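So you can see what is in the structure, the chains are spelled out below.
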Amino acid sequence: CQLPDFSVLVSRQVATVVNVRVFRAKTDESAETVEAPPKKRSLQPPRESGLGSGFVVSPNGVILTNRHVVAGAEKIFVRFIDKRELPARVVGVDPLTDVAVLKIEAQNLPTATLGDSAQLEVGQWVLAIGAPLGLERTATQGIISALGRTLPNDSYVPFIQTDVPINPGNSGGPLFD
């Protein structure tokens, strides 16, 4: 059995994967003392509080990521492999599938080639590409472990289960076959 060579797939798709940086508000809750009057709660400037991955699905700036990556964000920026960084806004979320749709103002972006998940088979080789923790892109490989998985105590959503190692910060990145 010959193992697959993913180098061509990586070179074709890596530019479609983005790093997602999220800033959330930080509140300063100072302790009160008997000698001093209570301090008012003041908002500090947003601080970076999340990193994830995403991928471009439309040349006009539509990006998919995980909802949990951008939940509660005040500011979102996406960074491309060429180091360009653009502000993004959330235009849709689906909590059930943990998907978020982002939009950036850009044109002619490279887009990920979307497949048909109905064509997947258990045991098939797959590749995850991510932008973990703001670092350069990584690629990890594995196989489809199961199809049509559901989460405990949840409505039926046919998730794909894989044994692909996912690096911290890869949440929201694509899975390619």
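Counting restarts for each chain: residues are numbered from 1 in the order of the written sequence. In view of the model being predicted, local features appear only for residues whose pLDDT reaches at least 70, and side-chain atom pairs are presented and counted only at 80 or more, with totals across whole chains, interfaces and linings using the full set of residues. Calculated side-chain values reflect all of the structure's heavy atoms, with hydrogen atoms and water omitted.

Student: An account of the pairing of strand β8 (residues 138-149) is requested, with residue identities and associated values reported.
Tutor: Note: two strands are recorded as paired if DSSP finds a minimum of 2 bridges between them. Secondary structure elements follow DSSP: runs of H or I of four or more residues count as helices, runs of E of two or more count as strands, with numbering from the N terminus. Direction of pairing for strand β7 (residues 125-130) relative to β8: antiparallel, over a ladder of six bridges. Counted as the bridge partner of Val126 is Gly142 from β8.

Student: How would you explain the pairing of β7 if you had to name every residue and give the values?
Tutor: Each residue gets one of three labels from its accessible area relative to the maximum for its type: buried under 20%, exposed over 50%, partly exposed in between, using a 1.4 Å probe on protein chains only. The buried fraction of β7 amounts to five of the six residues, a majority that puts the element mostly inside the structure. Across two bridges, β7 lies against strand β10 (residues 175-176) in antiparallel orientation. Residue pairing across strands places Ala128 opposite Leu175, the latter belonging to β10.

Student: Any details on the environment of Gly172? Residues and values, ideally.
Tutor: By the element assignment, Gly172 lies in the loop between β9 (159-162) and β10. Between the C-alpha atom of Gly172 and that of Asn19, which follows or precedes it by 153 residues, the distance is 9.3 Å. Contacts were defined at the residue level, with two residues in contact if any of their heavy atoms lie within 4.5 Å. If we skip the residues at most four places from it in the chain, Gly172 touches Ser53, Gly54, Phe55, Leu64, Thr65 and Asn66.

Student: Outline the side chain of Thr65, listing residues and values.
Tutor: Tracing the sequence through the fold places Thr65 in strand β3 (residues 62-66). With relative accessibility at 3%, the residue Thr65 sits in the buried group. Think of a polar contact as two N or O atoms within 3.5 Å of one another; within protein, one of them needs to be a possible hydrogen donor and the other a possible acceptor, and neighboring residues in sequence only count if both atoms come from side chains. At 2.6 Å, the side chain of Thr65 and the backbone oxygen of Ser53 are in polar contact. Those residues in contact with Thr65 that sit more than four places away from it in its chain are Val20, Ser53, Gly54, Val70, Asp98, Val99, Ala100, Leu102, Ser171 and Gly172.

Student: Break down the pattern of salt bridges for me, with residues and values.
Tutor: For this analysis, a salt bridge means a side-chain nitrogen from Lys or Arg found within 4 Å of a carboxyl oxygen belonging to Asp or Glu. Under the criterion given, the structure shown has five salt bridges. Two residues, Asp98 and Arg67, come together in a salt bridge whose shortest N-O distance is 3.9 Å. Here the residue Asp98 occupies a position in the loop between β5 (85-94) and β6 (99-104), and Arg67 occupies one in helix α2 (residues 67-70), the gap between them amounting to 31 residues. Arg67 sits in the partly exposed class, given a relative accessible area of 27%. The partner of Glu85 in a salt bridge is Arg79, and the shortest N-O contact between them spans 3.2 Å. Connected through shared salt-bridge partners, Arg21, Arg79 and Glu85 make up one network.

Student: Tell me about the packing of aromatic side chains, and please be specific about residues and values.
Tutor: Two aromatic rings, drawn from Phe, Tyr or Trp (for Trp, its six-membered ring), form a pair once their centres lie within 6.5 Å of each other, and the interplanar angle then sorts them: stacked below 30 degrees, edge-to-face above 60, tilted otherwise. Taken as a whole, this structure holds one aromatic pair when the rule is applied. Judged by centre distance (5.8 Å) and plane angle (90 degrees), the ring pair of Phe23 and Phe77 falls under edge-to-face. In this pair, Phe23 is assigned in strand β1 (residues 17-28) and Phe77 in strand β4 (residues 75-79), connecting sequence segments 54 residues apart. Here, a charge over a ring is recorded when the distance from Lys NZ or Arg CZ to the ring centre is within 6 Å and its angle to the ring normal is within 35 degrees. The ring of Phe80 is capped by Arg84, whose NZ or CZ atom sits 4.6 Å from the centre of that ring.

Student: Which residues make up the environment of Val17, and what values go with them?
Tutor: Following the sequence through the fold, Val17 ends up in strand β1. Through-space distance from the C-alpha of Val17 to that of Arg137 is 7.8 Å; in sequence the pair is 120 residues apart. Each residue touching Val17, except ones within four places of it in the same chain, is listed here: Gly54, Phe55, Ile129, Gly130, Ala131, Arg137 and Pro174.

Student: Give a detailed account of the nonpolar core, specifying residues and quantitative values.
Tutor: Burial of nonpolar side chains together is a common tendency in soluble globular proteins. Among buried residues, those of type Ala, Val, Leu, Ile, Met, Phe, Trp, Tyr and Cys that are joined through side-chain atoms within 4.5 Å constitute a nonpolar core. Grouped together as the largest cluster of nonpolar side chains are 16 residues, with contacts concentrated most on Val20, Val70, Val78, Leu102 and Ile104. Of all the secondary-structure elements, those providing two or more residues to this core are β1, α2, β4 and β6. Formed by nine residues, the second largest nonpolar core is a distinct cluster that contains Leu9, Val14, Ala112 and Leu127.

Student: Describe the sheet that holds β7, naming the residues involved and giving the relevant values.
Tutor: Overall, antiparallel pairing links the four strands, which are arranged β9-β8-β7-β10 in an open sheet. Each edge of the open sheet carries a strand with a single partner, namely β9 and β10.

Keep in mind these values describe shape, not function.
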